[in-house]
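Residues per chain are reported as follows:
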Amino acid sequence: MSAPDTTPDTLTPVLTRRWSEERSWTLETYERTGGYRALRTALAAHPDQLITLVKDSGLRGRGGAGFPTGMKWSFMPQGAEGPGAKPKYLVVNADEGEPGTCKDIPTMMADPHSLIEGCIITSYAIRANFCAIYVRGEALHPIRRVRAAVAEAYAQGYLGKDVLGSGFDLDIVVHAGAGAYICGEETALLDSLEGRRGQPRLKPPFPATAGLYASPTVVNNVETIASVPFIVAGGSDWFRTMGSEKSPGPKIYSVSGHVERPGQYEAPMGTTLRTLLELAGGMKDGIPLKFWTPGGSSTPMFTAEHLDVPLDFEGAAGAGSMLGTTAVQVFNETVSVPWAVMKWTEFYKHESCGKCTPCREGTYWLVQILERMVHGEGTPEDVETMLDVCDNILGRSFCALGDGATSPITSAIKYFRQEFLDLIAEQPAVARPEQLADVERADGTELSGVSA
Amino acid sequence: MTLPEGTPEKLPGPAAPAERTWEARPDQHPVSPTFDELTRRRAKEVIARYPVARSALLPLLHLVQSVEGYVSQDGIRFCAEQLELTTAEVSAVATFYTMYKRTPCGEHLVSVCTNTLCAALGGDAIYRSLGEALGEPGRPLGHEETAGEPGSPGSITLEHAECLAACDLAPVLQVNYEYYDNQTPESAVALVEALRRGEKPPPTRGAPLTDLRTVELELAGFTDDETVAAAAVAGPSAAPESLRGTALAAERGWAAPALPDEPPALPPLPEK
């Protein structure tokens, strides 16, 4: 146990602490372990005090972008007249789908009440009386758990009319999505929640002024909202005992791939891959690390050179990537980089909503090039062509999906250009492409991510 | 109104047409009888959950899929009627989302994650093995194709899926959106063979396996009875892999700085 002004422990389970409790998802367990006390504190306060508290805590959005949460809440117009008079909404983004990201689903499975308590406190702070939790449809069991938690909270008087006698009303709806990665983008999520195709909106106006039903709306990630009760219970100074000045708090690092013990490791912000690998038992079977993502496939990849980069918002950005969702996907030397990039690009092509031409067409052409290359028909111009296509996508679409689609490609070429060139060079020097249809690779192996 | 002179005001008008009755053509019937009173009542219930009716469209599409096993043209019309939208507006939405199937599905939907990380750990091999196990010799089952008569017991629709957000448990697959973690080609083939025989092997974490239509009803927000609802919330708190961090912390005596016994005073109300 650490005193507030000393270095925190290597692992600091806060959000994940309840997960190992027996029947951790029930109201009984939640209340027995301190749950719904923060709500009582919050309801006794003025909503603006809560907004100030969250601002002081330095909590930043856990969904990838890292926007300061308290500031987002303070952008909501308040007051009896003008835009403040409109109904206000809280929308929780539980559409977890960024490749590598797997923290919100276990959170909703194991500790749904921390999310519900966070929703109630947040709604009270921003003066919302309706909250929607948008969960991706494939997350069936988490949906059940969150719905059961909502029902328990209603029965206990934490939801509905006059929450705990405070005069504050709140309804929560758990909304199942239907399979579209793009709905993790906040404005696409809002369109989807309005019963439309999930396509991003041009910003501004931002959701704080014109969100759900064109009313002021806060959209926050599950992990962000689930942190709120702990901040109320512990205060901003407690929260800041973990992490750095600009990226405070604990963070769930989802370590997956070629490590001995993949899993969820909640540690102070700024933990390095070197530490995470130690915690996860090292590289699987001792095969060396080749590349990894700090926060999902949309964050530019890192290599073994980046073992000591502090994984917080500033550290990851300073080393040329992004913190994203701290989805640490680890790949060893058996994995072909062009193959991995092809698979990711196929994903972005499938998930591009089609609204913006650079993203829709660009991902389509990038897949064509990469598939051709991986199947033995690459040309020396392909690398430059891909960089050129990426240059025409990056920053030229409404939302971050297009930008994210370029990250694996540009970062892979930055660190592994020679691997692309070698792959192209070793291809048979015969006229392409139709003569190549049946040509095996010279050594008879199949190029894939799976080690032989 | 005065009429100009000579207007044949008083002349006998044309004979009234003989009484004719128009029978509605069956294909013009607004909604298929497939959607019974219960489904209509459920639709109204879904709509009542939201401040604006149209927000109910995604759950309604899950609802019609629970009735028919896919989103049919009738299903589109049903949703359009319930929400006073055009069928074009509903179709535009139904075709956007992967989970709405436009052709009849099997009793079970098997979704194999073939995104990069799962694929590198064997997801591609699993998908290939399942295609071969469920297809004909020389013709493996393809994406969104069904083995067996759609809807019949033991029939299976196969698909490759994008990241299923269970990367620490890779490679994963889902049957009717229930997770089967840490799969191999052998375990996955054994699983679908059991499904074909009408068995329902339990998922790694989650509720006892049912079928796609039951699950679609749950996604729309309904469970048929309390026993089912109770079973649905059962299962472990988390996969053992997800608990590795907390277990390791306990083992090594690591913890977050303790929360104070009483919450500290909140910051003062900011001045306007």
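So, how was this worked out
Residues numbered from 1 in each chain as written. Chains lettered and ligands numbered in written order. Predicted model: local features only at pLDDT ≥ 70, side-chain atom pairs only at ≥ 80, totals over all residues. Helix = DSSP H or I, 4+ residues; strand = E, 2+ residues; numbered from the N terminus. Buried ≥ 20, exposed ≤ 12 C-beta atoms within 10 Å, placed from the backbone. Contact = placed C-beta atoms within 7 Å. Rg over C-alpha atoms; globule rule 2.2 N^0.38 Å. Domains from an automatic or database assignment. Nonpolar A, V, L, I, M, F, W, Y, C, P; charged D, E, K, R; others polar. Axes fitted to C-alpha atoms, helices over the stretch in contact; angles between N-to-C directions. Parallel < 35°, antiparallel > 145°, perpendicular 65-115°, else oblique. Left-handed = near helix turned anticlockwise from the far one by under 90°. Expected span 1.5 Å × (residues − 1). Arc of directions from axis to C-beta. Pairing = 2+ DSSP bridges.

## Digging into the overall build of chain B
Reasoning step 1: Tallying secondary structure elements over chain B gives 9 helices and 5 strands in all.
Reasoning step 2: Along chain B, from the amino end to the carboxyl end, the secondary structure elements read α-α-α-α-β-α-β-β-β-β-α-α-α-α.
Reasoning step 3: The burial tally for chain B puts 47% of its 272 residues in the buried class.
Reasoning step 4: Expressed as a percentage of contacts within chain B between residues at least 6 apart in sequence, the contacts between residues at least 24 apart total 63%.

## Observations concerning the overall build of chain A
Reasoning step 1: When helices and strands are counted, chain A shows 16 helices and 9 strands.
Reasoning step 2: Relative to the 2.2 N^0.38 estimate, which gives 22 Å for 452 residues, the radius of gyration of chain A is 23 Å and therefore close to what a compact globule would have.
Reasoning step 3: With 452 residues in all, chain A has 60% of them scored as buried.
Reasoning step 4: In chain A, of all internal contacts separated by at least 6 residues, the share reaching a separation of at least 24 is 71%.

## A few points about the domain arrangement of chain B
Reasoning step 1: If you check the domain split of chain B, you get domain 1 (30–94) and domain 2 (108–211).
Reasoning step 2: Between the C-alpha centres of domain 1 of chain B and domain 2 of chain B there is a distance of 29 Å.

## Things to note about the domain arrangement of chain A
Residue and element names in this part refer to chain A.
Reasoning step 1: Per the domain assignment, the segments of chain A are domain 1 (17–239), domain 2 (250–332) and domain 3 (338–436).
Reasoning step 2: One C-alpha centre belongs to domain 2, the other to domain 3, and the line joining them spans 24 Å.
Reasoning step 3: Listed as interface residues are 8 residues of domain 2 and, on the opposing side, 9 residues of domain 3.
Reasoning step 4: Of the residues belonging to the side of domain 2 that touches domain 3, the class tally is 4 nonpolar, 4 polar and no charged.

## Some remarks on the packing of helix α3 (residues 47–57) of chain A against helix α10 (residues 222–239) of chain A
Residues and elements named next belong to chain A.
Reasoning step 1: Following both chains from N to C, one finds α3 and α10 inclined at 55°, their axes separated by 9 Å at the closest point. Considering the angle they form, α3 stands oblique to α10. Crossing of α3 over α10 shows left-handed handedness. Across the interface between the two elements, L53, V54, D56 and S57 of α3 pack against V228, I231, V232, S236 and F239 of α10.
Reasoning step 2: Looking at the contact of α3 with α10 residue by residue, the classes come out as 6 nonpolar, 2 polar and 1 charged.

## Brief notes about helix α15 (residues 382–393) of chain A
Residue and element names in this part refer to chain A.
Reasoning step 1: With 12 residues, α15 extends 16 Å between its outermost C-alpha atoms, agreeing within 8% with the 16 Å of an ideal straight helix rising 1.5 Å per residue.
Reasoning step 2: What α15 keeps buried is the set M386, V389, C390 and I393. Taken end-on, α15 shows its buried residues confined to a sector of 100°, consistent with a single buried face. Seen from the open side of α15, the exposed residues pointing more than 90 degrees away from its buried face are E384 and D388.
Reasoning step 3: The inward-facing, buried residues of α15 contact α14 (357–377) and α16 (400–425).

## What about the sheet that holds strand β2 (residues 145–147) of chain B?
In a beta sheet, neighbouring strands are held together by backbone hydrogen bonds and run either parallel or antiparallel to one another.
Residues and elements named next belong to chain B.
Reasoning step 1: As summarised here, the arrangement of the 5 strands in space is β2-β3-β1-β4-β5, forming an open sheet in which the pairing is mixed. On the outer flanks of this sheet lie β2 and β5 (178–180), each paired with one strand and no other. Across the sheet, the mean angle separating the axes of adjacent strands is 30° when strand polarity is ignored.

## Structural notes on the environment of A:L140
Reasoning step 1: Examined against the element boundaries, A:L140 turns out to sit in helix α7 (residues 140–155).
Reasoning step 2: Of the residues examined, A:L140 has 23 C-beta atoms within 10 Å and is grouped as buried.
Reasoning step 3: In this structure, A:L140 is in contact with B:Y177, B:E178, B:V215, B:E218 and B:L219, ignoring residues within four places of it in sequence.

## Notes on the sheet that holds strand β1 (residues 89–94) of chain A
Residues and elements named next belong to chain A.
Reasoning step 1: Pairing within the open sheet is parallel, and its 4 strands lie in the order β3-β2-β1-β4. Only two strands of the sheet have a single neighbouring strand rather than two, namely β3 (171–176) and β4 (217–221). Neighbour-to-neighbour, the strand axes of this sheet turn through a mean angle of 20°, independent of strand direction.
Reasoning step 2: Here strand β2 (residues 130–135) runs beside β3; their pairing, made up of 6 bridges, is parallel. Looking at β3, one finds that I133 is bridged to V174.
Reasoning step 3: The sheet contacts of α7 involve β2 and β3, and relative to β3 the element is tilted by about 165°.

## Comments concerning the packing of α14(A) against α15(A)
All names here are of chain A.
Reasoning step 1: Contact geometry for α14 and α15: axes closest at 9 Å, N-to-C directions at 165°. Looking at the two axes, α14 sits roughly antiparallel to α15. α15 is crossed by α14, and the crossing has left-handed handedness. Residues P358, C359, G362, W365, L366, I369 and M373 of α14 lie in contact with α15, whose contacting residues are D382, T385, M386, V389, N392 and I393.
Reasoning step 2: Partitioning the contact of α14 with α15 into residue classes produces 9 nonpolar, 3 polar and 1 charged.

## Observations concerning helix α8 (residues 186–193) of chain A
All names here are of chain A.
Reasoning step 1: The element α8 is largely enclosed, with a buried count of 8 among its 8 residues.
Reasoning step 2: All of the buried residues in α8 are E186, T187, A188, L189, L190, D191, S192 and L193.
Reasoning step 3: With its phi angle positive at about 85°, G195 sits one or two positions after the end of α8.

## A look at the pairing of β4(A)
Residue and element names in this part refer to chain A.
Reasoning step 1: In terms of residue burial, β4 counts as a mostly covered element, since 5 of its 5 residues are buried.
Reasoning step 2: Of the two faces of β4, both are covered, the one formed by T217, V219 and N221 as well as the one formed by V218 and N220.
Reasoning step 3: Sheet topology places β1 next to β4; 5 bridges connect them, and they run parallel. In the sheet register, V91 faces β4, and the bridge partner there is V219.

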